[in-house]
Amino acid sequence: MRVLIIEDEPELRAQIADTLRQQNYTVDTAGDGVTGLERACTEPYDLLILDIMLPVQDGFAVLREMRAEQVATPVLMLTARVEVEDRVRGLDLGADDYLLKPFSMAELLARIRALLRRSHTQASPLLTVGDIHLDTGTREVTRSGRPVSLTPKEFALLEFLLYNRNRAISRFNLAEHVWGDAFDPFTMSNTIDVHIRNLRRKVDDQAGEVIVTVRGIGYMVRDVQP
Amino acid sequence: MKIRTRTTLWVSLAGLAATVVLSLIVFFWGLETPYEFLDQELEIRARNVGVELARELAAGGGVQGADLERFTRLYWVRIYNQRRQLVFASALAEEIDLPLPAEGRGHLVPTDLALNRFYDEEGTDEATSFWHRTFRVPVAGTAYLVHVARPVESLVWESVEAATVIGSALLASVLLLVVVSYLVAGRILGPVREINRLAREINENTLARRIQLAANGDEIDELAASLNQMFDRLHTSFRRQKEFVANASHELKTPITLLRLSLEETLQDERLPADVQERLLAQERALSRMHRLVKNLLDLSRLELTERLERTTFCLHALLRQVLDEFQVLLAERQLTLQVHLQGACPILADREKIQRVLINLVDNAIRYNVPGGTVTCRTFRDSVQVRVTITNTGPGIAAADQARIFDQFFRCEQSRASEHGGAGLGLTIAHRIVELHGGRIEIDSAPTGPTCLRVTLPLVPDPALDAAA
């Protein structure tokens, strides 16, 4: 899952970015509203963390403009303001949730997970397909109750495919969401195939039952009919 | 010849000519003046002699000479009556003879008398010259001719002395002129040197710099102001061009994204006939390439419109290992050997995302242009002021002519274009710009037969937080 952090305080920004990277999220950052808006409108993100107090263009303006550009990415806004009006204003401008500063990283992560669930109409924090369970909270994967050890990239791939189950995801999209845009998706295409192969070996031994290869396009996690 | 030297030369020559003329005037005027004083002195003496003569004649008994003798002791005096008969000669006039000069102004006449007879302090051997002149003095109705002379010191030494003084003053003033004009020329030309330095340094990326104006309104200041205006115009048009690229790619991105989404949506349909699906997939691939290109263009123009750096402290080695990790699959696929020489931690204060991008582009490049079975080598060197990353590949090497252009936009070497390596030729341009933003430099080192080494040197920026902790 790819997250954009728009936050002007360098230390907080780095701290959030590090925490998210440890959780296998792909993270981009922006230090001001203009750059943030630009990124949010032109890159596919799964979530935006947006500080309201920003130089040049504040968070409200970023929200208003990105929603006007039809960008539907879920937005978690960070605010130091305790006034109800501000929170209401943010939510009415299209934010999906807010977090009052100062906050704990654990709460931030929980809110991010909740937002990701909501935006993918996923009720449970447990992403399940067949006998495979991915716990978005504990970041653990089990198969028939037995824990499976995945590399960070394998975890991120599986998580993204599970959130978008029953959709064929192109390698280009996988590269963008799991590796971020610094990598050339065309160079990464074989790498993705290898990671998928490894992932299948770990969670899907009748190869192609859970993680389906969609010819020419990419991959898809399909609900297994019981 | 430099303007400074030329100015110094001309000013000095002009000054020299003026002072030489002035000196000559002063010198010759100075030589004439003592004789004019002598003439006046002799005239006064002659007139007094006339008065004395008149007194003696009026007393009766002709010219006695006793009083005249006392009166003319230090002078050589002869008095003639109108019939040119000598009526009186002073003691000195008895002793030596002086020829009667032509009437008018005085003359110098040399004699054998030793000078020290008149002037105690003077040199012993020197002969005395006399300045003499005749005057017609009317005494009791008749005109007497008074021939007066007085010994004079030789003025040669005085002339030499005056010439020496004037000469050395001349030399001093010329030296002063040279020094002052050299300094003044330097001062006047100082801004020109400054302009020259800036003009040499200014390039596409430093167009925001301006010449410091002295605000004194002189011609050089006007030139600097005009140049600054020219830089303004250039800067604006460069900026406009970059903004155009940024705007164009931004505008292109939205429809491309929409197209991609719609294509992807269409491709979700499993009932599509195989041939339609094939064609849609080909379109999707082309579209993805276009998307990538537009994205890179947008990133590059963002970087060129001087995007700010978001510096944080991170370990360069950890980041490099992480990046290399993502390429493991690719390395294995091309049977490339990876050699990593990284020792210890390497904390730097830099923009992590951008540096990651540089590393990705360089490693990507090193793999893309390598030969199967080749080697990719990563090394870092660190000293107190900078850190250097080198990424070497055993590819076919790059011709010297191409090396200079390798960081240009859309540049790809002939051999790489031929062998379809993909990529739009923006990766190294982006890396170059990011390194530049960090105040570092990126260089290529390649022999035509390989290996090719890309070197990134970043200056170490002191981290106030780390320093405080230490």
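Residues numbered from 1 in each chain as written. Chains lettered and ligands numbered in written order. Predicted model: local features only at pLDDT ≥ 70, side-chain atom pairs only at ≥ 80, totals over all residues. Heavy atoms only, no water.

Q: Could you give me a rundown of the overall build of chain B, with the residues and numbers involved?
A: The helix and strand tally for chain B stands at 13 helices and 12 strands. Scored against the burial criterion, the 470 residues of chain B give a buried share of 42%. Look at the contacts in chain B between residues 6 or more apart in sequence, and 64% of them connect residues 24 or more apart. Surface exposure of chain B reaches about 26,100 Å², of which carbon and sulfur atoms provide 59%. (Helix = DSSP H or I, 4+ residues; strand = E, 2+ residues; numbered from the N terminus. Buried < 20%, exposed > 50% of the residue type's maximum accessible area, 1.4 Å probe, protein only. Contact = heavy atoms within 4.5 Å. Areas by Shrake-Rupley, 256 points an atom, 1.4 Å probe, with all protein chains shown as cover.)

Q: Let's hear about the packing of aromatic side chains: which residues, and what values?
A: Under the definition given, this model contains 3 aromatic pairs over all chains. For the ring pair F183 of chain A and F327 of chain B, a centre distance of 5.6 Å and an interplane angle of 45° mean the geometry is tilted. Separated into two different chains, F183 of chain A in the loop between α7 (171-179) and α8 (185-203) and F327 of chain B in the loop between α7 (316-326) and α8 (328-333) make up a pair that spans both. Given a relative accessible area of 3%, F183 of chain A falls into the buried group. Residue class for F327 of chain B comes out buried when judged on its relative accessible area of 0%. Looking at R89 of chain A, its charged tip hangs above the ring of F60 of chain A, at a distance of 4.1 Å from the centre. Over the ring of Y182 of chain B we find R4 of chain B, and its NZ or CZ is 3.8 Å from the ring centre. (Phe/Tyr/Trp six-rings, centres within 6.5 Å; stacked < 30°, edge-to-face > 60°. Lys NZ or Arg CZ within 6 Å of the ring centre and 35° of its normal.)

Q: Hey, could you go over the interface of chain B and chain A for me, with residue numbers and the actual values?
A: In many analyses, interface size is given as the accessible surface area lost on bringing the parts together. Between chain B and chain A, the residue contacts involve 38 residues of the former and 41 residues of the latter. Taking both partners together, chain B and chain A bury about 3,500 Å²; carbon and sulfur atoms supply 44% of that area. If you sort the residues of chain B by the area they bury against chain A, R292, E326 and E353 of chain B come out on top, with a joint share of 18%. The shortest N-O distance in the salt bridge between R215 of chain A and E278 of chain B comes to 3.1 Å. Broken down by secondary-structure element, the contributors of at least two residues to the side of chain B that touches chain A are α5 (219-267), α6 (274-304), α8 and α9 (352-368) of chain B. Considering every element that reaches the side of chain B that touches chain A, the biggest residue donor is α6 of chain B, with 13 residues. Split by residue class, the side of chain B that touches chain A holds 7 nonpolar, 8 polar and 23 charged. (Buried area = accessible area lost by both parts, 1.4 Å probe. Salt bridge = Lys/Arg side-chain N within 4 Å of Asp/Glu carboxyl O. Nonpolar A, V, L, I, M, F, W, Y, C, P; charged D, E, K, R; others polar.)

Q: Talk me through the environment of A14 of chain A; I want residue IDs and the actual numbers.
A: All names here are of chain A. Here A14 shows up in helix α1 (residues 10-22). The partly exposed category is assigned to A14, whose relative accessible area is 21%. For the pair A14 and T29, spaced 15 residues apart in sequence, the C-alpha to C-alpha distance is 8.6 Å.

Q: Describe the sheet that holds strand β11 (residues 211-214) of chain A, listing the residues and the values that go with them.
A: Residues and elements named next belong to chain A. Judged by pairing direction, the sheet is antiparallel, and its 3 strands sit side by side in the order β10-β12-β11 without closing on themselves. Each edge of the open sheet is held by one strand with a lone partner, namely β10 (169-170) and β11. Two elements, β10 and strand β12 (residues 218-221), share 2 bridges in a ladder whose sense is antiparallel. Each bridged residue has a counterpart across the sheet, and for S170 the counterpart in β12 is G218. α8 rests against β11 and β12 of the sheet, and its axis sits at about 145° to β11. (Pairing = 2+ DSSP bridges. Axes fitted to C-alpha atoms, helices over the stretch in contact; angles between N-to-C directions.)

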